[in-house]
Amino acid sequence: MSIGDIKNELKNILQEDMDGLTAFVKKYENDERTGVIATVEQAKKKIRHIEDEILRSKKMLEFEHKYIDMGYEYICGIDEVGRGPLAGPVVSCAVILPKNELILYLNDSKQLSKKKREELYDIILEKAVAYGIGIVSERRIDEINILQATYEAMRMAIHNLKVKPDILLNDAVKIPEVDIKQVPIIKGDTLSATIAAASIVAKVTRDRMMEEYDKIYPGYDFASNKGYGSAKHYEGLDANGPCDIHRRTFIKEYV
């Protein structure tokens with residue numbers, strides 16, 4: 001085969017296909033052509049990357065394993081997005097994953113690219129034992145403040161689960177008025193696979209909402225800034241004033 005054909009063969013192997021990459025290396029590792037040697041090294045680098053990610057992802061299950069070993073059946077991760085924006089709702093998600101489910105690349109949603117979040121969103125919803133979404137509007141945020149609205153969104157997400165969890169792994173907070181055992185974990189979306197999964201689903205859900213709001217309320221660049229206070233967002237406020245989904249308590253100078 002030509003070097004070009006071999007390079008194309010590597011390109012056609014899926015990113016997480018460890019078996020395919022290993023077979024590729026075995027097939028061409030004795031080829032002494034410089035271009036093939038370099039291509040085989042690329043494949044080896046991809047294998048090392050997957051191995052590192054598997055180790056990281058297993059470490060993300062340490063909290064889950066701890067409570068599985070203690071006898072908890074349904075372990076639920078919960079997180080929220082949207083506490084800081086000037087516009088739009090706060091969104092929470094609660095997720096129960098199957099025991100010992102290893103999903104690669106789960107992490108704090110803000111540390112992932114949009115493409116990777118979208119990919120993981122589909123994987124999480126496909127594999128989840130149950131998931132629930134809680135959405136609290138900007139008007140409710142203005143009524144009760146953002147912290148209470150966040151708790152309300154989290155309770156709503158838990159209520160919307162089709163399976164009642166035995167324990168909640170929360171990103172940092174303890175949720176009032178919940179009768180399920182809670183374990184607040186500081187920076188939980190970087191330490192727990194189920195919290196990270198909840199973070200991703202919540203963010204993708206809210207981002208899609210803000211992209212739709214951008215069509216309804218043009219001029220604030222909601223599709224890009226997702227309601228956060230970017231320069232274009234403030235330019236839109238200066239030119240148009242607030243729209244229906246702005247949090248009045250967050251933009252008092254414009255009200």
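Coordinates for the structure precede this section.
Fair warning: this is a prediction, and the values are worked out from it, not measured in the lab.

K.L.:
Would you explain the pairing of strand β2 (residues 90-96) in this entry?
P.N.:
Along any regular strand, the residues point their side chains to alternate faces of the sheet. Where burial is concerned, most of β2 is hidden: seven out of the seven residues are buried. Alignment of strand β1 (residues 75-81) against β2, held across six bridges, turns out to be antiparallel. Across the sheet, residue Cys76 finds its bridge partner in β2, namely Ile96. Of the pairings in the sheet, the one linking β2 to strand β3 (residues 130-136) comprises seven bridges and is antiparallel in character.

K.L.:
Just to check I follow, could you spell out the sheet that holds β1 for this structure?
P.N.:
Consider a sheet: its strands pair through backbone hydrogen bonds, and that pairing is either parallel or antiparallel. One open sheet accounts for five strands, arranged β3-β2-β1-β4-β5; its pairing is mixed. The open sheet has two edge strands, β3 and β5 (181-185), and neither has a second partner. With direction set aside, neighbouring strand axes in the sheet form an average angle of 20°. Here β1 pairs with strand β4 (residues 167-171) via four bridges, running parallel. Bridge assignment links Ile75 to a residue of β4, and that residue is Ile167. Contacts from helix α4 (residues 62-69) reach β1, β4 and β5 within the one sheet, and its direction differs from that of β4 by about 160°.

K.L.:
Where do I start with empty space enclosed by the protein in this structure?
P.N.:
Picture a little ball the size of a water molecule; that probe, rolled over the atoms, points out where space is still empty. All chains considered together, the criterion is met by two cavities of 30 Å³ or more. Counted as a void, the largest cavity has a volume near 100 Å³. As for the largest cavity, its lining consists of Leu61, Glu64, Ile68, Glu73, Ile75, Leu97, Pro98, Lys99, Asn100, Glu101 and Thr194. Looking at the lining of the largest cavity residue by residue, the classes come out as five nonpolar, two polar and four charged. Residue lining of the second largest cavity: Arg56, Ser57, Met60, Leu61, Glu101, Leu102, Ile103, Leu106 and Ala193, and that is the complete set. Residue composition of the lining of the second largest cavity, grouped by class: six nonpolar, one polar and two charged.

K.L.:
What should I look at first to understand the packing of aromatic side chains in this one?
P.N.:
Centre-to-centre distance and the angle between the planes together describe a pair of aromatic rings. For the structure on display, the rule yields four aromatic pairs. On the numbers, 6.2 Å between centres and 35° between planes, the contact of Tyr213 with Tyr217 is tilted. Between the NZ or CZ atom of Lys116 and the centre of the ring of Tyr105, over which it lies, the distance is 4.3 Å. The positively charged end of Arg208 is found above the aromatic ring belonging to Tyr121, 4.5 Å away from the centroid.

K.L.:
How should helix α10 (residues 231-240) be read in this particular structure?
P.N.:
Within α10, burial applies to His233, Gly236 and Leu237. When α10 is viewed along its axis, its buried side chains cluster within an angular range of 100° and face the same direction. Looking at α10, the residues exposed on the side facing more than 90 degrees away from the buried face are Ala231, Lys232, Glu235, Asp238 and Ala239. Along its buried surface, α10 packs onto α9 (222-225). Where α10 ends, the next residue or the one after it, Gly241, has phi of about 75°, a positive value.

K.L.:
Explain the pattern of salt bridges here, please?
P.N.:
Opposite charge on two side chains permits pairing when their charged atoms draw close. Under the criterion given, the structure shown has 17 salt bridges. One salt bridge connects Lys27 with Glu9, and the closest N-O pair in it is separated by 3.4 Å. In this pair, Lys27 sits in helix α2 (residues 18-28) while Glu9 sits in helix α1 (residues 3-11), placing the two residues 18 residues apart along the sequence. Residue class for Glu9 comes out partly exposed when judged on its relative accessible area of 23%. One salt bridge in this structure joins Lys114 and Glu211, with 3.1 Å as the shortest N-O distance. Taken together, the positions of Lys114 in helix α5 (residues 114-127) and Glu211 in helix α8 (residues 193-216) put the pair 97 residues apart, joining distant regions of the chain. A residue is classified by how much of its surface remains accessible, and Glu211, at 21% relative accessible area, is partly exposed.

Scoring rules and cut-offs
- Residues numbered from 1 in each chain as written.
- Predicted model: local features only at pLDDT ≥ 70, side-chain atom pairs only at ≥ 80, totals over all residues.
- Heavy atoms only, no water.
- Buried < 20%, exposed > 50% of the residue type's maximum accessible area, 1.4 Å probe, protein only.
- Helix = DSSP H or I, 4+ residues; strand = E, 2+ residues; numbered from the N terminus.
- Pairing = 2+ DSSP bridges.
- Axes fitted to C-alpha atoms, helices over the stretch in contact; angles between N-to-C directions.
- Contact = heavy atoms within 4.5 Å.
- 1 Å grid on protein atoms, 1.4 Å probe; cavity = no way out; pocket = protein on both sides within 12 Å on 5 of 7 lines; lining within 4 Å.
- Points joined across faces, edges and corners; volume = space filled by probe spheres on them.
- Nonpolar A, V, L, I, M, F, W, Y, C, P; charged D, E, K, R; others polar.
- Phe/Tyr/Trp six-rings, centres within 6.5 Å; stacked < 30°, edge-to-face > 60°.
- Lys NZ or Arg CZ within 6 Å of the ring centre and 35° of its normal.
- Arc of directions from axis to C-beta.
- Salt bridge = Lys/Arg side-chain N within 4 Å of Asp/Glu carboxyl O.

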